[in-house]
Amino acid sequence: MEGYEYSFDGHMLCIGSKSLSKDAHEQAASLCCQEGGVVIACHPHWKREDYWTAEKILSYGDITGMEVYNGVISRLSGRGLASDTWDEVLSSGRLIWGLANDDFHRWYDLARCWNMVFSAPNQCAIIEAVKKGRFYASTGLYLTELKITEGQMLSLSAVHHNGFEEEMRYEFIGSGSRILSVKYGTSASLLLDFEEPYVRVCITAQNGAKLWTQPVYRSEFFERNQL
């Protein structure tokens, strides 16, 4: 995968970029997108809570996603989990995707988390899938099912990365980080509310491993708020 980490404050991943830019954030992000890549805002709570605020992310139109979880922050300074910022951005009407990244600096940083992408195994296909949100983020869990029936029932199930099945916590989260429902079991379902702009799911295993789905959303909410 071509790309680099733009390391002026705040950091961005420019994935799929064919050029290295040392210009301002807006120019670097724009160039990456012009070359067919995606731009990811890194570790929103590294060193300080406002490293990447929702307002800052919203001010850059070329950001495709953000790190909802960064694996290296747990041994540095700050907070690796940034689902609060993700919900702020989504609730404002800007559709971006959530990723979980190792931020690999030392050998022991490897495989703390990953993104499972539904695509062919080549750079172009992976980048296009990421642009469209065809992936989920994980610190140790695999989805075994995610579907929406004709009756607007969202159903999903997960297992540990080694295939072990156990009762897990399924949180269905809506705009403003509101918890719409919490269910326990080896699977869970929720009847979608047509008035809710989006619903995303956070699954937590008994050992603390997590999985974040991308939001299931009403297109008109995001289209209306991005005019």
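My aim in this report is to walk through the structure given alongside it, one point at a time. Since we're looking at a predicted model, the values are computed, not measured. (Residues numbered from 1 in each chain as written. Predicted model: local features only at pLDDT ≥ 70, side-chain atom pairs only at ≥ 80, totals over all residues. Heavy atoms only, no water.)

## Some words on the sheet that holds strand E12 (residues 187-191)
In spatial order, the strands read E8-E9-E12; together these 3 strands make up an open sheet with antiparallel pairing. The open sheet has two edge strands, strand E8 (141-148) and E12, and neither has a second partner. Going across the sheet, the axis of each strand differs from the next one's by a mean of 15 degrees, ignoring polarity. Bridging between strand E9 (residues 153-160) and E12 involves 5 bridges; their strand directions are antiparallel. In the sheet register, serine 157 faces E12, and the bridge partner there is serine 187. (Pairing = 2+ DSSP bridges. Helix = DSSP H or I, 4+ residues; strand = E, 2+ residues; numbered from the N terminus. Axes fitted to C-alpha atoms, helices over the stretch in contact; angles between N-to-C directions.)

## Quick word on the environment of cysteine 42
Tracing the chain through its elements places cysteine 42 in the loop between strand E3 (38-41) and helix H2 (54-59). When the C-alpha atoms of cysteine 42 and glutamate 223 are compared, they prove to be 25 Å apart, with 181 residues separating the residues in sequence. Beyond its immediate chain neighbours, meaning those up to four positions away, cysteine 42 contacts Glu5, His11, Met12, Leu13, Tyr51, Trp52 and Glu67. (Contact = heavy atoms within 4.5 Å.)

## So, helix H4 (residues 123-131)
Among all positions in H4, only Ala125, Ile127, Ala129 and Val130 are buried. In the core, the buried residues of H4 are packed alongside strand E2 (12-15), E3, strand E5 (97-101), strand E6 (114-117) and strand E7 (135-138). Measuring from the backbone nitrogen of cysteine 124 back to the side-chain oxygen at the start of H4 gives 3.3 Å, which picks out asparagine 122 as the cap. (Buried < 20%, exposed > 50% of the residue type's maximum accessible area, 1.4 Å probe, protein only. Polar contact = N/O pair within 3.5 Å; in protein donor to acceptor, adjacent residues only side chain to side chain.)

## What about the state of the cysteines?
Within the structure shown, the criterion is met by 0 disulfides. With no disulfide of its own, cysteine 14 lies 4.5 Å from the sulfur of cysteine 32, the closest cysteine sulfur. Free cysteine cysteine 42: the closest other cysteine sulfur is in cysteine 14, separated by 8.6 Å. (Disulfide = S-S within 2.5 Å.)

## Concerning the pattern of salt bridges
The tally for this structure, following the rule as stated, stands at 12 salt bridges. Among the ionic pairs, arginine 75 bridges to aspartate 109, the shortest N-O distance being 2.8 Å. Within this pair, whereas arginine 75 is found in the loop between strand E4 (65-70) and helix H3 (83-91), its partner aspartate 109 is found in the loop between E5 and E6, the two being separated by 34 residues in sequence. Residue classification places arginine 75 among the partly exposed positions, given a relative accessible area of 33%. Residues arginine 112 and aspartate 109 are paired through a salt bridge, measuring 3.8 Å at the closest nitrogen-oxygen approach. Each of Asp9, Arg48 and Asp50 takes part in a single network of salt bridges with overlapping partners. (Salt bridge = Lys/Arg side-chain N within 4 Å of Asp/Glu carboxyl O.)

## Quick notes on the environment of alanine 100
By the element assignment, alanine 100 lies in strand E5. You can call alanine 100 buried: its relative accessible area is 1%. Between the C-alpha atoms of alanine 100 and lysine 132, which are 32 residues apart in sequence, the distance is 16 Å. Discounting chain neighbours no more than four positions away, the residues touching alanine 100 are Tyr69, Cys113, Trp114, Asn115, Ala137, Ser138 and Trp212.

## Some remarks on H3
All buried positions along H3 are accounted for by Ser83, Thr85, Trp86, Asp87, Val89 and Leu90. At the C-terminal side of H3, glycine 93 shows a positive phi close to 105 degrees.

Everything listed here is a matter of coordinates, which is why it stays silent on function.
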